[in-house]
Amino acid sequence: MRRSVGLGLLMTLACPLVVAGQGVPAADSLAKAASAAAAANTVAINFVWTLVAGFLVMFMQAGFAMVETGFTRAKNAAHTITMNFMVYGIAMLAYWVVGFALQAGGVGALGTLGGYDKLAHEVSLTIAGKEWGLFGGTGFFLTGVAYTAPVFAYFLFQMVFMDTAATIPTGALAERWKFSAFAVFSVFVGAVIYPIYANWTWGGGWLAMLGKNLGLGHGHVDFAGSSVVHMTGGVMAFVTAALLGPRRGKYNADGTVNAIPGHNIPMALIGTFILAFGWFGFNAGSTLAGSDLRIGVIATNTMLAGAAGGITSMLYMWFKYGKPDPSMMANGTLAGLVAITAPCAFVTAPSAVLIGGIAGVLVCVAVFFIDGKLRIDDPVGAISVHGVNGLWGILALGLLADGTYGDGWNGVNGAVRGLFYGDASQFAAQLVGGAANIVGVGVMAFVAYKVTAFVVGGHRVAPQVEELGLDLPEMGALAYPDTQEISSAVILSETASRGLGQLEPEPEAV
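Just so we're clear, the structure is a prediction, and the values are computed from it rather than from any experiment. Sequence order as written defines residue numbering, which begins from 1 separately in each chain. A pLDDT threshold of at least 70 governs which residues receive local features in this predicted model, and a stricter bar of 80 or more applies before side-chain atom pairs are shown or counted, although totals over entire chains, interfaces and linings include all residues. Hydrogens and waters are ignored; side-chain quantities use all the structure's heavy atoms.

Chemist: Let's hear about the overall build of the chain: which residues, and what values?
Modeler: Runs of E in the DSSP output that reach at least two residues are strands. Runs of H or I that reach at least four are helices, and both are numbered from the N terminus. Scanning the chain from N- to C-terminus turns up 14 helices and two strands. Working definition: with a 1.4 Å probe on protein chains only, accessible area under 20% of the residue-type maximum means buried, over 50% means exposed, and in between means partly exposed. Buried positions account for 54% of the 510 residues belonging to the chain. Should any heavy atoms of two residues lie within 4.5 Å, those residues are counted as being in contact. For the chain, restricting intrachain contacts to residue pairs at least 6 apart in sequence, the fraction spanning at least 24 positions comes to 78%. Roughly 20300 Å² of accessible area belongs to the chain as shown, and the carbon and sulfur atoms make up 73% of that amount. The Shrake-Rupley method, run with a 1.4 Å probe, gives the accessible areas here. Residue values count only the displayed protein chains as cover.

Structure below.
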């Protein structure tokens, strides 16, 4: 009896110890499972955020199409909007075949999208024991990564950024560019020009390494593409518009400039609204992480800068010329958005308003300087909006980044600080990035232009086609068949069409 009671007491005392001993690993397992589930959910949120942001940027193509078409004449509307429509598919497939691998083939681990790390082949030079990346070498045709979801999501997001850059020259070269030349040149943009510079900045290339290798801040920093996307498009537009020459009737023999107004300002303004809406995906989506709470700051800074650019451009035109020009309001808004694209994650709200406000004035000054002094005809102001203010955007980051974000950017410890917050070397890195864009993209655009001219027999439509309008001769269809505006053609002497670059229209292909 005593033995039974003793065993009972022993078991009673032992049971809690046994249960407690078993509860530790059980709780441990639950904690690990919960942690794994939370990590998986975070990656899933990042995937959805990145894809939705990419969808928003894709819709910006409709905004570009409306802005550029509205700012050109009715007799060229079908041609202009078709270039904007087809650049999406042409440049995309070129990017799929070659461009993505050149840009992102050495980007490294896609941390926010699950950590896939096989895009790790960067072709580089070793100088003084330091690696300087030139271009990637993995992912051609998206092969070797079949069904790898992180790579496919990253491809989609980066592709729509490339397409934004590819569409910028279509506005600067509108109303006199052969459609065949546009198609071939767009292949070069998607396959080589955009991807190479994007690799230098976003793919682990030499501009990104200026911080680690030379101690220049965090290297060239461009959060969402003021230089990578917009300045690249603007430099391509500058080089090709100078080579192509102005529209017939743009300049008089005495050097004065004829205004050639667009046919549909409401269309252009609606297009600007669409672009501003898509810009939330452009900038905030560049975190590649819906779990990064900085997206609230980025989106708001983007909105504020765009508004400031529209207001300052309105006031500038109102005070200087007596009327608040709607077309300049649109371009001022876009200029503010372009300028904030690089620094949007690194600056305060007052700085965002300042950056956008300066951009709104800068675009007005640049349009008149490029049009009147340099005599480069840009029907939609693409060079001023994207090129000039893309440069301003990266310099603004180098001045106003306040050191509250970007710890570890490009492998450099500490947050990103600009000149006004104690890091002059960051401003130097931004200057180097801008100079590299002007030289590198400019040279690639020049070569691509010349090769395209050889392939298709010149870039420029015949003079009679330009006078008639490009819709019917080039596209076989009129945008407005019931209200053709042939009277909008400006017919002056041959000398009136001469300007910087290509003086005579190039011959048609035989």
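Continuing now.
Chemist: Which residues make up the environment of D163, and what values do they have?
Modeler: Of note, D163 is situated in helix α3 (residues 149–172). Distance from D163 to Y95, taken between C-alpha atoms, is 9.2 Å for residues 68 residues apart in sequence. Excluding its chain neighbours within four sequence positions, the residues that come into contact with D163 are Q61, V87, Y88, A91 and M92.

Chemist: Break down a nonpolar patch on the surface for me, with residues and values.
Modeler: What goes into a patch is any residue over 30% in relative accessible area without a salt bridge, connected to like charges within 9 Å or, for nonpolar side chains (Val, Leu, Ile, Met, Phe, Trp, Tyr), within 5 Å. Any Lys or Arg side-chain nitrogen located within 4 Å of an Asp or Glu carboxyl oxygen qualifies as a salt bridge. On the surface, I438, V439, V443, F446, V447, V451, F454 and V455 cluster together to form a nonpolar patch covering roughly 770 Å² of accessible area. Relative to the elements of secondary structure, F454 occurs in helix α12 (residues 424–456). Assessed through its relative accessible area of 74%, F454 is described here as exposed.

Chemist: Explain helix α6 (residues 226–244) to me, and be specific about the residues and the numbers.
Modeler: Each turn of an α-helix holds 3.6 residues, which means side chains three or four residues apart point in the same direction. Multiplying one less than the number of residues by 1.5 Å gives the expected span of a helix. When the terminal C-alpha atoms of α6 are compared, their 25 Å separation across 19 residues agrees well with the 27 Å that a helix rising 1.5 Å per residue should span. We define the bend at any residue as the angle between the axes fitted to the seven residues before and including it, ending there, and the seven starting there. Along α6, the helix axis deviates most sharply at T232, where the bend reaches about 25°. Counting buried positions over the 19 residues of α6 gives 18, a clear majority of the element. Where α6 terminates, the next one or two residues include G245, which has phi positive at roughly 90°.

Chemist: Let's hear about the environment of T348: which residues, and what values?
Modeler: Along the polypeptide, T348 turns up in the loop between α9 (326–340) and α10 (349–373). Given the relative accessible area of 30%, T348 is considered partly exposed. Sequence spacing of T348 and D402 is 54 residues, and the spatial spacing of their C-alpha atoms is 7.6 Å. The residues touching T348, leaving out its near neighbours within four places in the chain, are N301 and D402.

Chemist: Would you mind going over the environment of F100 in detail, with residue names and values included?
Modeler: For F100, the position within the fold is in helix α2 (residues 77–104). Exposure remark for F100: the relative accessible area of 0% places this residue in the buried category. C-alpha of F100 to C-alpha of L156: the two residues are 56 residues apart in sequence and 9.9 Å apart in space.

Chemist: So what's going on with the nonpolar core? Residues and values would help.
Modeler: Counting residues in each nonpolar core, the largest one holds 119 residues, and the members touching the most others are F100, F161, Y194 and F346. Of the residues forming this core, the biggest block, 13 residues, is contributed by α3. Non-local contacts of F346, meaning those with residues more than four positions away in its chain, are made with V221, F223, L397, L400, A401, D402, Y405, G406, W409 and V416. Here, nonpolar core refers to any group of buried Ala, Val, Leu, Ile, Met, Phe, Trp, Tyr and Cys residues whose side-chain atoms link them within 4.5 Å.

Chemist: Report on the pairing of strand β2 (residues 130–136), specifying residues and quantitative values.
Modeler: At least two DSSP bridges between two strands are needed for those strands to be called paired. Bridge count between strand β1 (residues 122–127) and β2: six bridges; the pairing is antiparallel. Bridge pairing in β2 places T126 opposite E131. Connecting β1 to the antiparallel partner β2 that follows it, the hairpin turn spans two residues, and A128 within it adopts a positive phi of roughly 55°.

Chemist: Please set out the pattern of salt bridges residue by residue, giving values where relevant.
Modeler: Oppositely charged side chains can pair when the atoms bearing their charge come close. Per the counting criterion, the structure on display carries seven salt bridges. Residue E175 pairs with R247 through a salt bridge whose shortest N-O separation is 2.4 Å. Of this pair, E175 sits in the loop between α3 and α4 (179–202) while R247 is found in the loop between α6 and α7 (265–284), placing the two residues 72 residues apart along the sequence. The closest approach of N and O atoms between R247 and D377, which form a salt bridge, is 2.7 Å. Taken together, the residues span a long stretch of sequence, with R247 in the loop between α6 and α7 and D377 in the loop between α10 and α11 (382–400) at a distance of 130 residues. One exposure class covers both R247 and D377, and it is buried. Ionic contacts of the salt-bridge type, sharing partners, join the residues R73, E175, R247 and D377 into one network.

Chemist: Talk me through the packing of aromatic side chains; I want residue IDs and the actual numbers.
Modeler: Ring geometry is summarised as follows: Phe, Tyr and Trp rings, the Trp one being its six-membered ring, pair when their centres sit within 6.5 Å, and such pairs are stacked at plane angles under 30 degrees, edge-to-face over 60 and tilted between the two. Applying the stated rule across the entire model yields 20 aromatic pairs. Summarising the aromatic geometry, the rings of Y95 and F100 are spaced 6.0 Å apart at their centres and angled 75° between planes, so their arrangement reads as edge-to-face. Seen from their ring centres, W96 and F141 are 5.3 Å apart, and the 85° between their planes marks the pair as edge-to-face. With W96 in helix α2 and F141 in the loop between β2 and α3, the pair connects residues that are 45 residues apart, well separated along the chain. Residue W96 is classed as partly exposed on the basis of its relative accessible area, which comes to 32%. A connected cluster of aromatic rings, assembled from ring pairs, spans F157, F161, W202, W279 and F282. A positively charged side chain is recorded as over a ring if its NZ (Lys) or CZ (Arg) lies within 6 Å of the ring centre. The angle to the ring normal must also be within 35 degrees. A cation over an aromatic ring shows up here: R375 above the ring of Y251, its NZ or CZ 4.4 Å from the ring centre.

Chemist: So what's going on with the layout of surface pockets? Which residues, and what values?
Modeler: A water-sized probe rolled over the atoms picks out the places where empty space is left. Approximately 880 Å³ is the volume found for the largest pocket. Going through the elements one at a time, α3 and α4 are the ones with two or more residues in the lining of the largest pocket. No other element matches the four residues that α3 contributes to the lining of the largest pocket. Looking at side-chain class alone, the lining of the largest pocket contains 14 nonpolar, 11 polar and three charged residues. If you go around the second largest pocket, you meet 26 residues; those closest to its centre are K250, I260, S327, V367 and P379. Those elements giving two or more residues to the lining of the second largest pocket turn out to be α9 and α10. In terms of residue count, the dominant contributor to the lining of the second largest pocket is α10 (five residues). Definitions used throughout: a 1 Å grid over protein atoms alone; a cavity as a set of points that fits a 1.4 Å probe which cannot get out; a pocket as an open set with protein on both sides within 12 Å along at least five of seven lines; a lining residue as one with an atom within 4 Å of a point. Grid points are joined across faces, edges and corners, and a volume is the space filled by probe spheres set on the points. For this classification, the nonpolar set comprises Ala, Val, Leu, Ile, Met, Phe, Trp, Tyr, Cys and Pro, the charged set comprises Asp, Glu, Lys and Arg, and every other residue, Gly included, is treated as polar.

Chemist: Tell me about empty space enclosed by the protein, residues and numbers included.
Modeler: Taken as a whole and assessed by the stated rule, the structure comprises four cavities of 30 Å³ or more. When its volume is computed, the largest cavity comes out at roughly 90 Å³. Residue lining of the largest cavity: F64, V67, E68, I168, L275, N331, L334, V380, G381, A382, V385 and H386, and that is the complete set. Taken together, the elements giving at least two residues each to the lining of the largest cavity come down to α1 (2–70), α9 and α11. Classifying every residue of the lining of the largest cavity gives eight nonpolar, three polar and one charged.

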